[in-house]
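Per-entry structural report
Residue strings, one per chain:
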Amino acid sequence: MNEQHAVDVAPKRGRGVIDRYREFLPVSEATPIVSLGEGGTPLIFSPRLSAIVGRGCEVYLKYEGLNPTCSFKDRGMTVAVSKALERGVAALICASTGNTSASAAAYAARAGLRCAVVLPAGKIASGKLVQAFAYGAKVIAIEGNFDDALAIVRKLGERDDFAIVNSINPDRIAGQMSAAFEIVDDLGRAPDLHLLPLGNAGNLTAHWAGYREYQRAGKSATLPAMIGFQAAGAAPIFHGRVVENPETIASAIRIGNPASWQAANQAVANSKGAVDIVTDEEILAAQRWLATNEGIFVEPASAAPIAGLMKCCDPAYGPAYSFAQIREGSRIVCTVTGHGLKDPEIVAADSANLKTVSANEDAVLRAIDF
Ligand code: F0G
């Protein structure tokens, strides 16, 4: 086999979601593609969560922490930044609870564009802040929360010199549809239920749009029920009112006035899904459970749908969507949106009690103490 032939038959890898799903995305031959090979994340079968649900149901985790900047944001960012480059913008801007800024900074670097990220001071998980600096973004910390930051960015985006790459940019939503496409491609049809965390509500909206797009294309006859989970202290959609001072340990979804509120509500209603809340205690317990029982370490916001799944299984909690009503053998997908190493402080507290022992077998064996 000569070298040229080897290149021709090699599968196309590392080219990202635009290359794979071009026909469903708002790009043309004229669009310069800015990609870091995002997407193609594993859909991991979870035997223990499946056992908790019971009745032959199958639970899968879409592990979005394995994207290039370790969150799902990269799927939308490749499209948003490619389109911004096509329009000839000089700089990108976003507000963020951390992951959008990490992703925007990386794709801006890749595109050779400048990038400003506006963040709530003191409220960004350390790994995400490190990423924004590492990729060379201009980091602006404001005395305010995410909702204040987004209001400022909306204003600055009215000027010609900035392209907003928050999920209010429809190109972001378009790119994030690719997660739904991949799930259908992997399962052979849409799941029956899809659980995910709700912050600014763009991702739930994007998944629903993706499932509908794929149904129109004849790739799946059915659609899932979309079930979103907010943190109890930051639950504007659940309560139906703006939360002025949202509070939760899950800093990624500490949002009181979501930009895609309306669209997400519609998706939930049309899909016959639900919105529910989980407490910080439930989120942290689910994060720990997933790491120690399934070997998957996610950031707190990403554990919200896992806590949510457990709530749905337990009538004692009065869940907004009870799994008592789902049919046997249902397929359930939970999106776990970001990697655990982005927000290490909470788990790192465990290591504070770490004691050093002598460098010999006896001391080590005593310390193991199983
Ligand atoms: N999970 C993670 C890890 C997130 O970073 C976010 C949002 C969400 C879930 C919620 O997704 O906003 O589409 O409903 N993070 C945004 C940010 C707000 O700035 O990084 P959503």
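Whatever comes next refers back to the structure up there.
How each quantity is defined
Residues numbered from 1 in each chain as written. Predicted model: local features only at pLDDT ≥ 70, side-chain atom pairs only at ≥ 80, totals over all residues. Heavy atoms only, no water. Helix = DSSP H or I, 4+ residues; strand = E, 2+ residues; numbered from the N terminus. Rg over C-alpha atoms; globule rule 2.2 N^0.38 Å. Buried < 20%, exposed > 50% of the residue type's maximum accessible area, 1.4 Å probe, protein only. Contact = heavy atoms within 4.5 Å. Areas by Shrake-Rupley, 256 points an atom, 1.4 Å probe, with all protein chains shown as cover. Near = heavy atom within 4 Å. Polar contact = N/O pair within 3.5 Å; in protein donor to acceptor, adjacent residues only side chain to side chain. Phe/Tyr/Trp six-rings, centres within 6.5 Å; stacked < 30°, edge-to-face > 60°.

Looking only at helices and strands, the chain has 15 helices and 10 strands in total. Computed over C-alpha atoms, the radius of gyration of the chain comes to 21 Å, within 12% of the 21 Å expected from 2.2 N^0.38 for 370 residues, which places it in the range of a compact globule. Viewed in the frame of its principal axes, the chain has a C-alpha envelope of about 65 × 60 × 50 Å. Every one of the 370 residues in the chain was classed for burial, and the buried ones make up 54%. A fraction of 71% describes how many contacts in the chain between residues 6 or more apart in sequence connect residues 24 or more apart. Carbon and sulfur atoms provide 52% of the accessible area of the chain, an area that totals close to 16,400 Å².

Around the ligand there are 21 residues in total, and Ser96, Asn200, Ala201, Asn203 and Thr337 lie nearest to it. A distance of 2.8 Å separates an oxygen atom of the ligand from a polar backbone atom of Gly199. Between the ligand and Asn203 there is a distance of 2.8 Å, counted from an oxygen atom to a backbone nitrogen or oxygen. Protein contact buries 99% of the 470 Å² of open area that the ligand shows by itself. Broken down by secondary-structure element, the contributors of at least two residues to the shell around the ligand are α5 (99-111), α9 (202-216) and α13 (300-312).

Below, the discussion takes up the packing of aromatic side chains. The full count for this structure, using the stated rule, is 7 aromatic pairs. Ring centres 4.5 Å apart and planes at 20 degrees place the aromatic pair Phe181 and Tyr214 in the stacked group. With Phe181 in helix α8 (residues 170-187) and Tyr214 in helix α9, this residue pair connects regions lying 33 residues apart in the sequence. No difference in accessibility class separates Phe181 from Tyr214, as the two residues are buried. On the numbers, 6.3 Å between centres and 85 degrees between planes, the contact of Tyr321 with Phe323 is edge-to-face. With respect to class, Tyr321 is no different from Phe323; both count as buried. These aromatic residues form a ring-pair network of at least three members: Tyr21, Phe24, Phe181 and Tyr214.

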